[in-house]
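# Reading the structure
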Amino acid sequence: MPLEEKMLSAEIAERYFDWAATAIPDEEILREALEESLNFWQNPSSAHSHGKRAKAALDEARKKCAAAFNARAENIFFTSGGTESNHIPLLSILNRPERGEILFSSIEHPAVREMSLELKHCGFSVRQIPCDKRGIVTAQNVRECLTDETLFVSVMAVNNETGAIQPIDEIARTLDEFYKCRRRPKFHVDCVQALGKIPLDISKCGIDSAAASAHKICGPRGIGILYLKNPIEPFLRGGGQEGGIRSGTENLFGAAAFAKCIERYAGNSFLEKFEAQKKLAADFIKRLSTIKSCRVIPPARAENPSDENFSPWIVQASFGGIPGNVMLRALDAKGFAISTGSACSSKKASRPVLEAMGIEKDLRENSVRFSFGPLTTAQAMDALFEEVKNICGQFSA
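The sections below set out a description of the structure shown in this document. No experiment lies behind these values; they were computed from the predicted model shown.

### Some points on the sheet that holds strand β4 (residues 150-154)
- Read from one edge to the other, the open sheet built from seven strands follows the order β1-β7-β6-β5-β4-β2-β3, with strand pairing classed as mixed. A strand with exactly one partner marks an edge of an open sheet, and here the two such strands are β1 (76-79) and β3 (125-129). Neighbouring strand axes in the sheet, compared pairwise and without regard to direction, differ in orientation by 20° on average.
- Pairing of β4 with strand β5 (residues 186-190), which is carried by three bridges, proceeds in the parallel orientation.

### Thoughts on the packing of helix α3 (residues 49-69) against helix α8 (residues 252-265)
- One can describe the packing of α3 onto α8 by two numbers: an axis separation of 8 Å at closest approach and a directional angle of 35°. For the pair α3 and α8, the crossing hand works out as left-handed. Along its contact with α3, which presents A54, A57, L58, A61, K64, C65 and A68, the element α8 presents L252, A255, A256, F258, A259, I262 and E263.
- Split into classes, the residues belonging to the contact of α3 with α8 amount to twelve nonpolar, no polar and two charged.

### Some thoughts on the sheet that holds strand β8 (residues 294-297)
- Here three strands make up an open sheet; going across it, the order is β8-β9-β10 and the pairing antiparallel. Both outer strands of the open sheet, β8 and β10 (367-371), are each paired with one neighbouring strand and no more. In this sheet, neighbouring strand axes are inclined to one another by 30° on average, regardless of whether the strands run parallel or antiparallel.
- Strand direction decides the pairing type here: β8 and strand β9 (residues 314-319), joined by four bridges, are antiparallel. Looking across to β9, one finds that V296 is bridged to A317.
- Helix α9 (residues 270-288) rests against β8, β9 and β10 of the sheet, and its axis sits at about 5° to β9.

### Quick word on helix α7 (residues 168-178)
- When we look at burial in α7, the residues that qualify are I168, I171, A172, T174 and L175. Seen end-on, α7 carries its buried residues on one side only, within an arc spanning 160°.
- In this structure, the buried side of α7 is in contact with α6 (139-143), β4 and β5.

### Brief notes about the pattern of salt bridges
- Inspection of the entire model under this criterion finds 24 salt bridges.
- Among the ionic pairs, R264 bridges to E28, the shortest N-O distance being 3.3 Å. With R264 in helix α8 and E28 in helix α2 (residues 27-39), this pair connects stretches of sequence that are 236 residues apart.
- Residue R264 is classed as partly exposed on the basis of its relative accessible area of 33%.
- We note a salt bridge from D382 to R287, for which the minimum N-O separation is 2.5 Å. Taken together, the residues D382 in helix α14 (residues 378-396) and R287 in helix α9 connect sequence positions 95 residues apart.

### Side note on the packing of helix α4 (residues 82-91) against helix α5 (residues 110-118)
- Remark: α4 packs on α5, axes separated minimally by 9 Å, with the N-to-C direction vectors making an angle of 35°. Classified by chirality, the crossing of α5 by α4 is right-handed. Side by side, α4 and α5 meet where T83, N86, H87, L90 and L91 of the first sit next to A111, V112, M115 and S116 of the second.

What counts as what
- Residue numbering note: each chain is counted from 1, following its sequence as written.
- Restriction of local features to residues with pLDDT of at least 70 applies here, the model being predicted, together with a cutoff of 80 or more for giving and counting side-chain atom pairs; totals for whole chains, interfaces and linings are based on all residues.
- Side-chain metrics in this entry use all non-hydrogen atoms of the structure; hydrogen atoms and water are not considered.
- We treat two strands as partners when DSSP finds at least two bridges between them.
- Secondary structure is summarised from DSSP: a helix means a run of H or I of at least four residues, a strand means a run of E of at least two, and numbering begins at the N terminus for each.
- Here an axis means a line fitted to C-alpha atoms, over the contact stretch when the element is a helix, while the angle between two N-to-C directions is reported on a 0 to 180 degree scale.
- Take the far helix as the reference: if the near one is turned anticlockwise from it by less than a right angle, the crossing is left-handed, and if turned clockwise, right-handed.
- Contacts are assigned to residue pairs that have any heavy atoms within 4.5 Å of one another.
- Note on residue classes: Ala, Val, Leu, Ile, Met, Phe, Trp, Tyr, Cys and Pro are nonpolar, Asp, Glu, Lys and Arg are charged, and everything else, Gly too, is polar.
- Note on classification: 1.4 Å probe, protein chains only; a residue is buried when its accessible area is under 20% of the maximum for its type, exposed when over 50%, partly exposed between these limits.
- Picture the helix axis, draw a direction to every C-beta atom, and the arc is the one those directions span.
- Salt bridges are identified by distance alone: a Lys or Arg side-chain nitrogen within 4 Å of an Asp or Glu carboxyl oxygen.

None of this, on its own, says anything about what the molecule does.
Structural data, given as structure tokens:
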């Protein structure tokens, strides 16, 4: 990457704290992937030698992506993004002759929550699995909701608003124990905020399907990954690309870029970044707690800023007397980018995740999300804290 472009990315990163919505794209990777896709512009499904070369490039990208999940290449399917990767396994149950029950956690992303609710119109019963005050869905929470009618269970790996890490391994074991010698429901996990953010080994999690998205780890928008432990019968049909799971001409540029981002941001150097960010997040939470009007959400995180149950890349906080959208605009005026929650729900006043956690209405309305990425520095977080502190001081004056 040319020096001036590196300087521009670094400058933007100094005031960008909305990485959970989308990451700053890695321009070097995107250019490399574009060059590769221009060299292999042919349709990967074509039978001629040119198409086979394009398919070989696509398969190579698939192998690299599979490595991040510790999965086999044949378990990885490219989609248009996290939403579609969440929808494909869920919609596949429409092919089943019986109409049973869908369980999804009360902290799910709208991609899962809203689609699950829509399936009520198709004859399925739908229930939410409650979370505790930390925003964590325990294995016991799941167990208490299971019945012989349950067909599909969805619990995300990392919540996109609070950063709460869900006990996916324990939930999978609970499903195995509860349905021993009986048909077990499919277990789906939204890993959009987990890939490249926390240690992740899907092959050992006991899950049936998982979703990930490239633009959360510095890749392009419009490309996602669906992991499938075993084949499924997709509800949507077409030309049969991606093993028939996701029809449509393959996005070679997106696949190549996703693979390169996975190598750079979820590869061998990941653990070093993860450990460093844990320290930065803990310090940031401690400093926020010194602001009289601030309430870190959930409160338990303020009591233990180094709590391993939370992703260090996301911090949620509420500021008394300052509505979330006001804090957002005040910081925006100073060049800082944050959010009031999920970008996909930014136009909605409700905060379903915080409501599910039992957070009081005024705290919900005043809450904002700070999210960080691989380019976030300690100095940038210092500057963010000082500006938040100044804004709180102005409102309390």
